[in-house]
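Listed below are the residues making up each chain.
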Amino acid sequence: MDEIAVLGVGMHPWGKWGRNFVDYGVKAARDALQDAELDWNEVQFVSGANTVRCGYPGYVSGSTFAHALGFTGAQVASSYSACASGTTALATARAQILSGSCEVALVVGADTTPKGFLAPNQGERWDDPDWLRFKLMGVTNPTYFALYARRRMELYGATARDFAKVKVKNSQAGVNNPNARYRKAFTLEEIEASPVVASPLRLLEICATSDGGAAVVVSSVDYARRHGIANPVKIAGISTVLPRYPEQIIEMPYLATDSAAGTGWPDGGFRDTIPKRAYAESGLGPEDLDMAEVYDLSSAFELDWYEHLGLCKPGDAEKLLNDGETSLGGRVPVNASGGLGAFGEAVPAQALSQICELTWQLRGQSGPRQVQGARAGLCINYGLFGHGSCVILQR
Amino acid sequence: MAEKPKVPVIEGWFTLEPQPSLIGLRCGGCGSYFFPKTQASCINPTCGGGEFEEVELSRTGRIWSYTQNCYSPPAPYVSPDPFVPYTVAAVELEREKMVVLGQVSPDVDVEALEVGTEVELTIGTLYEDEQSEYLMWNWRPVAA
């Protein structure tokens, strides 16, 4: 797959600001354009990552952000794939660029979130599994995270202390990130004294919901060179894959898995297959990565991702963590941004924020949280109802 | 005062008698099971298709994982006041090769559960209002 260039990135800090999501997106977009040294009038395609929590403007986010920046007659698209929306919007922009339909595009995502558990849509929705899981058995998002955490303890002997150590690591990284919502280094004692939300996970180990915005300006590599950037950060691979039947891990928002009675158990699950597409497109493998930003919806979940990415064998994630290999200064730092633990999740902006972080890191602009000599990085998450999301960047 | 009627919280997903069981579908073409029975046709992409038959799923399975929820979830869940923590189990059914979620019977101590514990399907009250008591399936350790 041909590469595209990252010309500029920008973010609105994560927090609970309570303003219109458009404000965050516009701030991030203006910062990304400034970083790219590009005039808004030069953008040929606007790709929005939607939010479903902010009314109609959120469903047409590409147009909404473009309107707030001033309509220029550029092309537009808006994408929704839950927590994968940012990557889907990026993949849409890449397709436009590589097809020759445009040369330079702006990708934007932003969200304003309510306090507390993410809730389903209102009304009586007996056909909607996302509504039914709350109605029939009170299965919140942390319920699923906790099921995975308990399973990990059973399969691999992970301990609650291991989970707390992930949070310690990420909170220390977040202190040095001006865009992070929680800039406090938590101790093991503080984490283990926080209330249990869904056993074995505690409040400080579960991702919060946040307001925030992120934007990326991308172009053809040729356009970047003409624009005066000889050695841009490049997007080397993107994965937006679906699961394959039968999926054997219970995933949000379902109440049951597929059945393997007719097929036998498949070789690996959805999360194992997500990075493979991005690895294949980029020609890189896990051994080539200098860093990764992964989807730590819970502290325990980060450990699962080490294995899904191939950073270690199944069951070895705790060793990787405890040996310091995924800490800043280690072999392959994970969540040097602070991760979701330090950010909370702003759904359509989250994947784009990971790309902002990797871009700054690969340019060597990350200050005290810089991964020394980083040349290649991967970010991964996935969205409700089976949306894979993984991007590999290199310089 | 007459006793309130007891009704399933959702129609057509599970039976109450003679023994409670979940109602699923089985594809005659490939043998895959489906629960809930929301599919109109087989979703195994390698299956050429076949007749669907309605089947009762296995009434027992083993705990794949479990958790106790300690905070009241948002609507439409109806929480008692004051809120009482509840346990959710993911249970693996051997014949169907699938995992089905359910609350664990409220009188079961979460400390008594382990991954691998054998459980059976029972019926419990999810909540009640002025008209009715609403029934839902629960998982409960098989009596030793």
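Here the structure is a predicted model, which is why all the values come from computation and not from measurement. (Residues numbered from 1 in each chain as written. Chains lettered and ligands numbered in written order. Predicted model: local features only at pLDDT ≥ 70, side-chain atom pairs only at ≥ 80, totals over all residues. Heavy atoms only, no water.)

## So, the overall build of chain A
Defined as follows: Numbering of helices and strands starts at the N terminus; helices are DSSP runs of H or I of at least 4 residues and strands are runs of E of at least 2. Here the radius of gyration uses the C-alpha set of atoms, whereas the globule reference equals 2.2 Å times the residue count to the power 0.38. Exposed residues in this analysis have more than 50% of their type's maximum accessible area, buried residues have under 20%, and partly exposed residues fall in between, with area computed by a 1.4 Å probe over protein chains only. Here the accessible surface of atoms and residues is derived via Shrake-Rupley with a 1.4 Å probe, and residues count as covered only by protein chains that are part of the display. The charge count includes Lys and Arg as positive and Asp and Glu as negative, but it does not include His or the ends of the chains. Think of each charge as sitting on NZ of Lys, CZ of Arg, CG of Asp or CD of Glu.
Helix and strand counts for chain A come out as 14 helices and 11 strands. For 395 residues, the compact-globule formula gives about 21 Å, and the C-alpha radius of gyration of chain A, at 20 Å, lands near that figure. Projected onto the principal axes, the alpha-carbon positions of chain A cover approximately 55 × 50 × 45 Å. Across the 395 residues that make up chain A, the buried fraction comes to 62%. Roughly 13800 Å² of accessible area belongs to chain A as shown, and the carbon and sulfur atoms make up 50% of that amount. Computed over 35 positive and 42 negative side-chain charges, the inter-centroid distance for chain A is 3 Å.

## Quick look at the side chain of A:Glu251
All names here are of chain A. Just so we agree on the cut-off: For this analysis, a polar contact is any N or O atom pair within 3.5 Å, provided that within protein one partner can donate a hydrogen and the other can accept it, and provided that sequence-adjacent residues contribute only side-chain to side-chain pairs. What makes two residues a contact is simply this: any of their non-hydrogen atoms within 4.5 Å.
Looking at the secondary structure, you find Glu251 in the loop between strand S8 (233-239) and helix H10 (270-282). By relative accessible area, Glu251 is classed as buried at 11%. A polar contact is formed between the side chain of Glu251 and the side chain of Tyr148, at a distance of 3.3 Å. A distance of 2.8 Å separates the side chain of Glu251 from the side chain of Tyr382, its partner in a polar contact. Those residues in contact with Glu251 that lie beyond four places of it in its chain are Tyr144, Tyr148, Arg271 and Tyr382.

## Here we look at the packing of aromatic side chains
Residue and element names in this part refer to chain A. Convention followed: Within 6.5 Å between ring centres, the rings of Phe, Tyr and Trp (the latter by its six-membered ring) count as paired, and their orientation is classed by plane angle as stacked under 30 degrees, edge-to-face over 60, tilted in between.
For the structure shown, the criterion picks out 19 aromatic pairs over all chains. For the ring pair Tyr254 and Phe385, a centre distance of 6.0 Å and an interplane angle of 85 degrees mean the geometry is edge-to-face. Separated by 131 residues along the polypeptide, Tyr254 in the loop between S8 and H10 and Phe385 in the loop between strand S10 (376-383) and strand S11 (387-394) bring together distant segments of the chain. Taking the relative accessible area as the measure of exposure, Tyr254 reaches 35% and is therefore partly exposed.

## With respect to the packing of H10(A) against helix H11 (residues 299-308) of chain A
All names here are of chain A. The line we're drawing: Orientation is described by lines fitted to C-alpha atoms, with helices fitted over the stretch in contact, and by angles between N-to-C directions that extend from 0 to 180 degrees. Convention used here: angles under 35 degrees read as roughly parallel, angles over 145 as roughly antiparallel, angles from 65 to 115 as roughly perpendicular, and any remaining angle as oblique. The handedness criterion is simple: a crossing whose near helix is rotated anticlockwise from the far helix by less than a right angle is left-handed, and one whose near helix is rotated clockwise is right-handed.
With their axes 9 Å apart at the nearest point, H10 and H11 run at an angle of 55 degrees to one another. Taken together, the axes of H10 and H11 lie oblique to each other. Two packed elements cross with a definite hand, and for H10 against H11 that hand is right-handed. Residues Arg271, Asp272, Ile274 and Pro275 of H10 form the contact with H11, whose participating residues are Phe301, Asp304, Trp305 and His308.

## Some remarks on the sheet that holds S8(A)
Residue and element names in this part refer to chain A. Filter applied, for reference: DSSP calls a pair of strands paired once it identifies at least 2 bridges connecting them.
Spatially, nine strands are ordered S3-S2-S4-S7-S1-S8-S11-S10-S9 in an open sheet, and the strand pairing comes out mixed. The sheet is open, and its two borders are formed by strand S3 (75-79) and strand S9 (291-293), each paired with just one other strand. The average angle at which neighbouring strand axes cross in this sheet is 25 degrees, direction not considered. Two strands pair when backbone bridges link them, and S9 and S10 are joined in this way by three bridges, in the parallel orientation. Paired with Ala292 across the bridge in S10 is Leu378.

## A look at the packing of helix H4 (residues 85-98) of chain A against helix H14 (residues 347-363) of chain A
All names here are of chain A. In plain terms, the rule: Each residue is assigned to one of three groups, with Ala, Val, Leu, Ile, Met, Phe, Trp, Tyr, Cys and Pro labelled nonpolar, Asp, Glu, Lys and Arg labelled charged, and all others, Gly among them, labelled polar.
The geometry of H4 relative to H14 is characterised by a closest axis approach of 5 Å and an angle of 65 degrees between their N-to-C directions. By the angle between their directions, the pair H4 and H14 is classed as roughly perpendicular. Facing H4, whose interface residues are Ser85, Gly86, Thr87 and Leu90, H14 presents Pro348, Ala351, Leu352 and Ile355. Among the residues forming the contact of H4 with H14, the class breakdown is five nonpolar, three polar and no charged.

## Focus on unusual backbone geometry
The residue after A:Tyr245, namely A:Pro246, is reached through a cis peptide bond having omega -5 degrees. The topology assignment puts A:Pro246 in the loop between S8 and H10. Each neighbour pair has its own omega, and for B:Ala75 with B:Pro76 the value is 10 degrees, a cis peptide bond. Structurally, B:Pro76 can be placed in the loop between strand S6 (60-69) and strand S7 (86-93). In this structure, A:Glu37 takes a positive phi of about 55 degrees despite not being glycine. With respect to the element layout, A:Glu37 can be found in the loop between helix H1 (21-36) and strand S2 (45-49). On the basis of relative accessibility, which here comes to 69%, the residue A:Glu37 falls in the exposed class. Unlike most non-glycine residues, A:Phe385 shows phi in positive territory, near 70 degrees.

## Remarks on the domain arrangement of chain A
When the parts of a complex come together, some accessible area is lost, and that lost area is often used as the size of the interface. All names here are of chain A. We apply this condition: Domains are outlined according to an automatic or database domain assignment. A 1.4 Å probe defines the accessible area here, and the buried area is the portion of it lost by two parts on being joined, summed over both.
As assigned here, chain A comprises domain 1 (4-115 + 211-234) and domain 2 (139-206 + 236-394). Computed over C-alpha atoms, the centres of domain 1 and domain 2 are 24 Å apart. Facing the 41 residues of domain 1 at the interface are 40 residues of domain 2. With both chains or domains summed, domain 1 and domain 2 bury close to 2900 Å², and 69% of this area falls on carbon and sulfur atoms. Sorting the residues of domain 1 by area buried against domain 2 places Met11, Trp14 and Cys83 first, and these three jointly supply 25% of that buried surface. There are nine residue pairs in polar contact (both at pLDDT 80 or more) connecting domain 1 and domain 2. Listed by contribution, the elements that provide at least two residues to the side of domain 1 that touches domain 2 are strand S1 (4-15), H4, strand S4 (104-111), strand S7 (211-220) and S8. Classifying every residue of the side of domain 1 that touches domain 2 by side-chain character gives 20 nonpolar, 15 polar and six charged.

## Quick notes on the layout of surface pockets
Residues and elements named next belong to chain A. Let me state the cut-off plainly: A pocket, in this scheme, is an open set of points on a 1 Å grid over the protein atoms alone with protein on both sides within 12 Å along at least 5 of 7 lines, while a cavity is a set where a 1.4 Å probe fits but cannot get out; residues line either one if an atom lies within 4 Å of a point. Grid points are joined across faces, edges and corners, and a volume is the space filled by probe spheres set on the points.
Within this model, the second largest pocket holds a volume of roughly 570 Å³. What lines the second largest pocket is a set of 22 residues, and nearest its centre among them are Leu155, Tyr156, Ile249, Asp272 and His308. At the level of secondary structure, the elements contributing two or more residues to the lining of the second largest pocket comprise helix H6 (141-156), H10 and H11. The element that contributes the greatest number of residues to the lining of the second largest pocket is H6, accounting for five residues. Of the residues contributing to the lining of the second largest pocket, the split by class is nine nonpolar, four polar and nine charged.

## Comments concerning a nonpolar patch on the surface
Residue and element names in this part refer to chain A. Defined as follows: In this scheme, patches are assembled from residues that exceed 30% relative accessible area and form no salt bridge. Like charges are connected within 9 Å, while nonpolar side chains (Val, Leu, Ile, Met, Phe, Trp, Tyr) are connected within 5 Å. A pairing counts as a salt bridge when a side-chain nitrogen of Lys or Arg comes within 4 Å of a carboxyl oxygen of Asp or Glu.
On the surface, Val52, Tyr56, Tyr59, Val60 and Tyr80 cluster together into a nonpolar patch covering about 480 Å² of accessible area. Its place among the elements puts Val60 in the loop between helix H2 (56-59) and helix H3 (61-69). Val60 sits in the partly exposed class, given a relative accessible area of 32%.

## A look at the interface of chain B and chain A
Counting residues at the interface gives 44 residues for chain B, matched by 41 residues for chain A. Overall, the association of chain B and chain A removes approximately 3600 Å² of surface from exposure, summing both partners, and the carbon and sulfur fraction of that is 67%. At the junction of chain B with chain A, the criterion picks out 17 residue pairs in polar contact (both at pLDDT 80 or more). Among the secondary structure elements, those contributing two or more residues to the side of chain B that touches chain A are strand S4 (33-34), S6, S7, strand S8 (98-104), strand S9 (118-128) and strand S10 (133-141) of chain B. Its residues assigned to classes, the side of chain B that touches chain A comprises 30 nonpolar, 10 polar and four charged.

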